[in-house]
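Given next are the chains, with one letter for each unit.
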Amino acid sequence: MSNYATILVAVDLSEDSNRILQRARGVASGAAAQLHIIHVIEPLSFAYGGDIPMDFSGIQDEIYQQATQQLKRFAENNGVDEAHRHIVMGRPEVEIHAKAEELAADLIVVGSHGRHGLALLMGSTANGVLHGAKRDVLAVRVGQEK
Ligand code: AMP
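Residues numbered from 1 in each chain as written. Predicted model: local features only at pLDDT ≥ 70, side-chain atom pairs only at ≥ 80, totals over all residues. Heavy atoms only, no water.

A. Quick look at the overall build of the protein. Within the protein, the secondary structure is distributed over six helices and five strands. Counting every position in the protein, which comprises 146 residues, the buried fraction comes to 37%. Contacts spanning at least 24 positions in sequence make up 77% of the contacts within the protein whose residues lie at least 6 apart. Total accessible area on the protein is roughly 8700 Å²; 50% of this is exposed by carbon and sulfur atoms. (Helix = DSSP H or I, 4+ residues; strand = E, 2+ residues; numbered from the N terminus. Buried < 20%, exposed > 50% of the residue type's maximum accessible area, 1.4 Å probe, protein only. Contact = heavy atoms within 4.5 Å. Areas by Shrake-Rupley, 256 points an atom, 1.4 Å probe, with all protein chains shown as cover.)

Okay, structure coming up:
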């Protein structure tokens, strides 16, 4: 099997993101792959749209600006240049797949919390990404039991 050429790392900008990126780096350095990072912002209207008759645009702009700054900081601390970082609005699993398609990535790297019980039933981003994936997916174990 040939090595990975383009790797897309999905980051939620929590502390786990460093660990996930490190793992991806391990795979990328062996394979001399291009490494991209993506952060997805879920529109507030997805969660509250029909329920609360309110204009979310101001808050949404604020969230977008803050996330952009956070991603920039994270990327700069980890030596990822502007061309290799992406911020988009939408549902994480949908947008992660779309960006992987656009970049022709051959590996997606996500964190996975190894949930149990109810949380497991409710699903996770890692499960969402894995479902219907047209490329390899590396789920990096994160959370308390590392
Ligand atoms: P979760 O299932 O939400 O606990 O997230 C597990 C993993 O999915 C995270 O470690 C990230 O790799 C990815 N992920 C979750 N939310 C986002 C997001 N908004 N943008 C990009 N990746 C995300």
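Having seen the structure, we can now continue with the description.
B. Spatial organisation of the environment of Glu 42. Relative to the helices and strands, Glu 42 is located in the loop between strand 2 (34-41) and helix 2 (44-48). Note on Glu 42: relative accessible area 42%, which makes it partly exposed. Taking C-alpha positions, Glu 42 is 5.8 Å from Met 89, a pair spaced 47 residues apart along the chain. Setting aside its immediate chain neighbours within four residues, Glu 42 contacts Gln 60, Gly 90, Arg 91 and Pro 92.

C. A look at unusual backbone geometry. At Leu 13, a residue that is not glycine, the phi angle is positive and equals roughly 70 degrees. Position of Leu 13 relative to the elements: it lies in the loop between strand 1 (6-10) and helix 1 (16-31). You will see that Ala 104, though not glycine, has its phi angle at about 55 degrees, which is positive. With respect to the helices and strands, Ala 104 occurs in the loop between helix 4 (92-103) and strand 4 (107-112). A relative accessible area of 54% places Ala 104 in the exposed class.

D. Structural detail: the pairing of strand 1. Summarising burial for strand 1: five of the five residues are buried, a large majority. Alternating residues of strand 1 divide into Thr 6, Leu 8 and Ala 10 and Ile 7 and Val 9, and every residue in both groups is buried. As judged from the five bridges shared by strand 1 and strand 2, these two strands associate in the parallel manner. Each bridged residue has a counterpart across the sheet, and for Thr 6 the counterpart in strand 2 is Gln 34. Taken together, strand 1, helix 1 and strand 2 constitute a β-α-β crossover, and its handedness is right-handed. In the sheet, strand 1 pairs with strand 4 via three bridges, with the strands oriented parallel. Bridge pairing in strand 4 places Ile 7 opposite Leu 107. (Pairing = 2+ DSSP bridges. Right-handed = clockwise from strand over helix to strand, strands pointing away.)

E. Representation of the sheet that holds strand 4. The strand order across the open sheet formed by five strands is 3-2-1-4-5, and the pairing between neighbours is parallel. Strand pairing shows two members of the sheet lacking a second neighbour, strand 3 (85-89) and strand 5 (136-141), which therefore form its edges. In this sheet, neighbouring strand axes are inclined to one another by 25 degrees on average, regardless of whether the strands run parallel or antiparallel. Inspection of the sheet shows strand 4 paired to strand 5 by six bridges, in the parallel sense. If you follow Leu 107 over to strand 5, its bridge partner there is Asp 136. (Axes fitted to C-alpha atoms, helices over the stretch in contact; angles between N-to-C directions.)

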